[in-house]
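Here are the chains, one letter per residue:
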There are 2 protein chains.
Amino acid sequence: MKRILTMIAVAALSVLAANGQELANFARQQGTPVVSPEVKDGKVTFRLNANYATRVQLSGNWMANPWTGSEDMQKGPNGIWELTIDAPEPEIYTYNFIVDGVAVNDPLNNQVQRDGNRYLNMLFIPGERSENYYESQKQHGTLTYRWYDSPSLGISRRMAVYTPYGYENNPKQKYPVLYLLHGGGGDEEAWPSMGRAVQILDNLIEKGLAKPMIVVMPNGNANQRAAQTLKLPNDGKAQGVQNAYVNSLVKEIVPFIDKEYRTIAKADGRAIAGLSMGGGHTTAATLNYPGVFSYICPLSCGIRETEELDNQLLGIKKAGYKLYWIGVGKEDTGAYNGSKVLDEHLTKLGMPHTLYVSEDAHVWKNWRLYLNTFARLLFK
Amino acid sequence: MKRILTMIAVAALSVLAANGQELANFARQQGTPVVSPEVKDGKVTFRLNANYATRVQLSGNWMANPWTGSEDMQKGPNGIWELTIDAPEPEIYTYNFIVDGVAVNDPLNNQVQRDGNRYLNMLFIPGERSENYYESQKQHGTLTYRWYDSPSLGISRRMAVYTPYGYENNPKQKYPVLYLLHGGGGDEEAWPSMGRAVQILDNLIEKGLAKPMIVVMPNGNANQRAAQTLKLPNDGKAQGVQNAYVNSLVKEIVPFIDKEYRTIAKADGRAIAGLSMGGGHTTAATLNYPGVFSYICPLSCGIRETEELDNQLLGIKKAGYKLYWIGVGKEDTGAYNGSKVLDEHLTKLGMPHTLYVSEDAHVWKNWRLYLNTFARLLFK
């Protein structure tokens, strides 16, 4: 990590030295070179150059209350505020500073993630649990942002598609496909960025722990054409149409992928997984369209009991499936209870499945963990 | 624009309402819904909720000094600081706030660009000059992030590749290729993000103003594997090797693209353009390897006079070329003078060319303008 931070510092200096880009206020704000965050000997030190601030706090999602927790930083010489904490367990965390009540990103950390409309710095703590969240060493798949037409939603839309290392050079090989769905507030960039889906799949495949697979990450907001466009209205026809996105996923996206990529175009070559809202899409897609996906992984969502639920689940049983894997955090009360409901129904109906209960609640920390876990079980 | 801002506000509220994502400090920081930036009737209003700040400034690159300019904002009721300015001419600008001396991004604006290690908010002013910088209405090309092996540099590396709308569905059509190079401090994400290359090409092609073309945007830092990786060292073999990246571009990247994509694999099917450092790569690649690229567009760089310069330029003349287009801002003193040197040599040698002189200096505003201008001239 020290080498990485040195690299970042060197990169920052080279930006200062280069006249190849617009420099705006960077130099003026920074003063002397400062490193933040510095991960070393089980500690993490955060630093911010803020000589005129009266109070600076650190807020991070590893704190006891990940939404509102904060700790005061101490002003040192040269106006640099500093706080050293014990490193949390290996993972990727998010944090920001609060300067006189205003949320501020760490200008010395170029690792930033967008979660919906919010930008937060990322803190990488290396270790066994997080080792697959870094770029793999050798074999890198391809990430493609591609538009497709959705006649049922009345708009063209963007999706992210991961193809594994070797896809382009093995023109006769066919690949299974994982449809990987984001949650509320997310979009087609959520799994590639916050979810580290590319890094996780690259690592698992390079290590021989997962089958080479295509991963399709569509935009689950039925009226939205793509993340962060301007001037392209959210004017799809989905408004008020029950399961509009789920229908489009099964009837439009799956055939599009089977046409455009070298897929194993049958249920045993298809997995579906999604978190929260995307978990709802996962259960709806499989309950309403049994026999399309053989691997079913609803994450952090559970299920609502309806009169048709058992009959629909029996439809899945009858069509046949290879894996039913439910992931949920034990502190994610609503989703946990809903997952128990799903677990009980599957048990009652004699349907083999896994209920994987992790620590924590409704957080990306869990969704990365789940992907890193269930991806090893797919297509085997 | 009002609708867009309403959409952003609605999206922000829906993030607040959703429990599908980690909320961190967003709700706590925001208080009542506030819109920023608001573009309306020729004015732009910026707002920041910062009740405990003693001074809040706005800094934007449309100001007289784009690097250090700032204007004080006024504190209003509810602790919301505000400043209304005359809208600058249609373009994409960057800005941030300065809260008690600390640079802060606008938390209400989800349009953010990364320039090297810095994140700045984007301000879109619509108008004729900037209309191609928004997503096109109908036909969207595909953007792919792809790794390739560079034996000469000793590492595998990532590039961005744009394929135009229709590429996937016209399997017999071959396309010309524009190699589009970034400047110092940039990487393979610079042209797709700050340069709006995807939007510009989509719009020009959709309107019939440019030929459908592939655009290859490699990483021009010869020792860097890819933008923003962690744990992947910058350990290429380029250190100290003259033109290491340029050699790799011509000898490795061009053959890779010709092998992997349906290209018009000859000089008349190849253009090369680059800004600043990438302009140096453009002149070096064409001087050292005449006859590979028929369309040559060095931007904001000029040339250094050497003893071999005329002989090398005559090599290009002898090999034949279709376009030599030099773009530079009249306030970009060093690059302007260097461009005049190139202009004079080309004139002296009887080599047809264009010297396109714009306003302003060494800024993305110019590089978007140049791409939006010279792309119409390619492959015709």
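Refer to the structure printed above.
Below: a short report on this structure. (Residues numbered from 1 in each chain as written. Chains lettered and ligands numbered in written order. Predicted model: local features only at pLDDT ≥ 70, side-chain atom pairs only at ≥ 80, totals over all residues. Heavy atoms only, no water.)

Before going further, it helps to examine the overall build of chain A. Counting secondary structure elements, chain A contains nine helices and 18 strands. The C-alpha atoms of chain A give a radius of gyration of 22 Å, which matches the 21 Å a tight globule of 380 residues would have. Along the longest, intermediate and shortest principal axes, the C-alpha atoms of chain A span 70 × 45 × 45 Å. Split into buried and exposed, the 380 residues of chain A put 62% on the buried side. (Helix = DSSP H or I, 4+ residues; strand = E, 2+ residues; numbered from the N terminus. Rg over C-alpha atoms; globule rule 2.2 N^0.38 Å. Buried < 20%, exposed > 50% of the residue type's maximum accessible area, 1.4 Å probe, protein only.)

We now examine helix H5 (residues 244-260) of chain B. Residue and element names in this part refer to chain B. With 17 residues, H5 extends 23 Å between its outermost C-alpha atoms, agreeing within 8% with the 24 Å of an ideal straight helix rising 1.5 Å per residue. Counting buried positions along H5 yields twelve of 17 residues, so the element is predominantly enclosed. Here H5 has its buried residues at Ala244, Tyr245, Val246, Ser248, Leu249, Val250, Glu252, Ile253, Val254, Phe256, Ile257 and Glu260. Tucked inside the fold, the buried residues of H5 contact strand E11 (142-150), strand E12 (155-163), strand E13 (177-181), strand E14 (214-217), strand E15 (270-275) and helix H6 (277-288). (Expected span 1.5 Å × (residues − 1). Contact = heavy atoms within 4.5 Å.)

What follows is about the pairing of strand E6 (residues 80-86) of chain B. Residues and elements named next belong to chain B. Alignment of strand E2 (residues 43-49) against E6, held across seven bridges, turns out to be antiparallel. Across the sheet, residue Leu48 finds its bridge partner in E6, namely Trp81. Hairpin connection between strand E5 (residues 74-75) and E6: a loop of four residues separates the two successive antiparallel strands, and Asn78 in this loop has a positive phi of roughly 65°. (Pairing = 2+ DSSP bridges.)

Residues and elements named next belong to chain A. Inspection of the entire model under this criterion finds 36 aromatic pairs over all chains. Residues Tyr167 and Tyr175 carry aromatic rings whose centres are separated by 5.2 Å and whose planes lie at 45° to one another, so their mutual orientation is tilted. Ring geometry for Tyr179 against Phe293: centres 5.8 Å apart, planes inclined by 75°, an arrangement best described as edge-to-face. Within this pair, whereas Tyr179 is found in strand E13 (residues 177-181), its partner Phe293 is found in the loop between helix H6 (277-288) and strand E16 (295-299), the two being separated by 114 residues in sequence. Put simply, the rings of Phe46, Trp62, Tyr93, Tyr95 and Phe97 pair up and form one aromatic cluster. Here the guanidinium or amino end of Arg262 rests over the ring plane of Tyr167, the centre of that ring lying 4.1 Å away. (Phe/Tyr/Trp six-rings, centres within 6.5 Å; stacked < 30°, edge-to-face > 60°. Lys NZ or Arg CZ within 6 Å of the ring centre and 35° of its normal.)

Our next topic: the sheet that holds strand E5 (residues 74-75) of chain A. In any sheet, the strands associate via hydrogen bonds between backbone groups, in a parallel or an antiparallel arrangement. Residue and element names in this part refer to chain A. The strand order E1-E2-E6-E5 describes an open sheet built from four strands, whose pairing is antiparallel. Edge strands, defined here as strands with exactly one partner in the open sheet, are strand E1 (38-40) and E5. Bridge analysis of E1 against strand E2 (residues 43-49) gives three bridges, and the strand direction is antiparallel. By the bridge assignment, Glu38 is partnered in E2 with Thr45.

Below, the discussion takes up the pairing of strand E18 (residues 354-358) of chain A. Residue and element names in this part refer to chain A. As defined by bridge partners, strand E17 (residues 323-329) adjoins E18 across five bridges and the pair is classed as parallel. Following the sheet pairing, Gly327 is matched in E18 by Tyr356. One crossover worth recording links E17 to the parallel E18 by way of helix H8 (residues 333-348), and it is right-handed. (Right-handed = clockwise from strand over helix to strand, strands pointing away.)

To continue, consider unusual backbone geometry. Leave glycine aside and you will find that most residues have negative phi; peptide bonds, for their part, are mostly trans. Residues Ser36(A) and Pro37(A) are joined by a peptide bond in cis, for which omega reads -10°. Along the chain, Pro37(A) turns up in the loop between helix H2 (26-30) and E1. Located in the positive-phi region is Gln228(B), a residue other than glycine, with phi close to 60°. With respect to the secondary-structure elements, Gln228(B) resides in the loop between E14 and H5. Of note in this structure, Asp360(B) is not a glycine but carries a positive phi near 65°. With respect to the element layout, Asp360(B) can be found in the loop between strand E18 (354-358) and helix H9 (364-374).

Turning our eyes to something else, we now look at the pattern of salt bridges. If you walk through the whole model with that rule in mind, you get 44 salt bridges over all chains. Notably, a salt bridge pairs Lys259(A) with Glu260(A), separated by 2.8 Å at the nearest N-O pair. A relative accessible area of 17% places Glu260(A) in the buried class. In this structure, Arg114(B) and Glu189(B) form a salt bridge, with 2.7 Å as the shortest nitrogen-oxygen distance. Linking Arg114(B) in strand E9 (residues 112-115) with Glu189(B) in the loop between E13 and helix H3 (190-193), this pair joins segments that are 75 residues apart in sequence. Residue Arg114(B) is classed as buried on the basis of its relative accessible area of 11%. For Glu189(B), a relative accessible area of 22% translates into the label partly exposed. Salt bridges here are not isolated pairs; linked through shared partners, they connect Arg114(A), Arg158(A), Asp187(A), Glu188(A) and Glu189(A). (Salt bridge = Lys/Arg side-chain N within 4 Å of Asp/Glu carboxyl O.)

Bringing the sheet that holds E5(B) into the picture now. All names here are of chain B. Spatially, the four strands line up as an open sheet ordered E1-E2-E6-E5, and their pairing is antiparallel. The strands lining the two open edges of the sheet, one partner per strand, are strand E1 (38-40) and E5. Bridge count between E5 and E6: two bridges; the pairing is antiparallel. By the bridge assignment, Lys75 is partnered in E6 with Trp81.

Next up on the list: the nonpolar core. Judged by nonpolar contacts, the single largest core of 44 residues is most densely connected at Phe46(A) and Phe46(B). When neighbours within four sequence positions are excluded, Phe46(B) is seen to be in contact with Ser36(B), Pro37(B), Leu58(B), Trp62(B), Met73(B), Trp81(B), Glu82(B), Leu83(B), Ile85(B), Tyr95(B), Phe97(B) and Leu123(B). (Core = buried A, V, L, I, M, F, W, Y, C linked by side-chain atoms within 4.5 Å.)

So, about the environment of Leu123(A). Residue placement: Leu123(A) occurs in strand E10 (residues 118-125). With twelve residues separating them in the primary sequence, Leu123(A) and Glu135(A) have C-alpha atoms 15 Å apart.

In this section: H8(A). Structurally, the α-helix is built with 3.6 residues per turn, so residues lying three or four positions apart point the same way. Residue and element names in this part refer to chain A. Its 16 residues place the ends of H8 22 Å apart at the C-alpha level, agreeing with the 22 Å of an ideal helix rising 1.5 Å per residue. All of the buried residues in H8 are Ala335, Gly338, Ser339, Val341, Leu342, Asp343, His345 and Leu346. For H8, the secondary structure elements touched by its buried residues are E16, helix H7 (309-319), E17 and E18. Just downstream of H8 lies Gly350, where phi reads positive at about 65°.

This part covers the packing of H6(A) against H7(A). Residues and elements named next belong to chain A. Put simply, H6 and H7 touch, their axes get as near as 8 Å, and they point 75° apart. With respect to H7, the axis of H6 lies roughly perpendicular. Taking contact as the criterion, the partners of Thr286, Leu287 and Asn288 in H6 are, on H7, Leu309, Gln312, Leu313 and Ile316. Its residues assigned to classes, the contact of H6 with H7 comprises four nonpolar, three polar and no charged. (Axes fitted to C-alpha atoms, helices over the stretch in contact; angles between N-to-C directions. Parallel < 35°, antiparallel > 145°, perpendicular 65-115°, else oblique. Nonpolar A, V, L, I, M, F, W, Y, C, P; charged D, E, K, R; others polar.)

The values reported here are purely geometric and, on their own, carry no functional implication.
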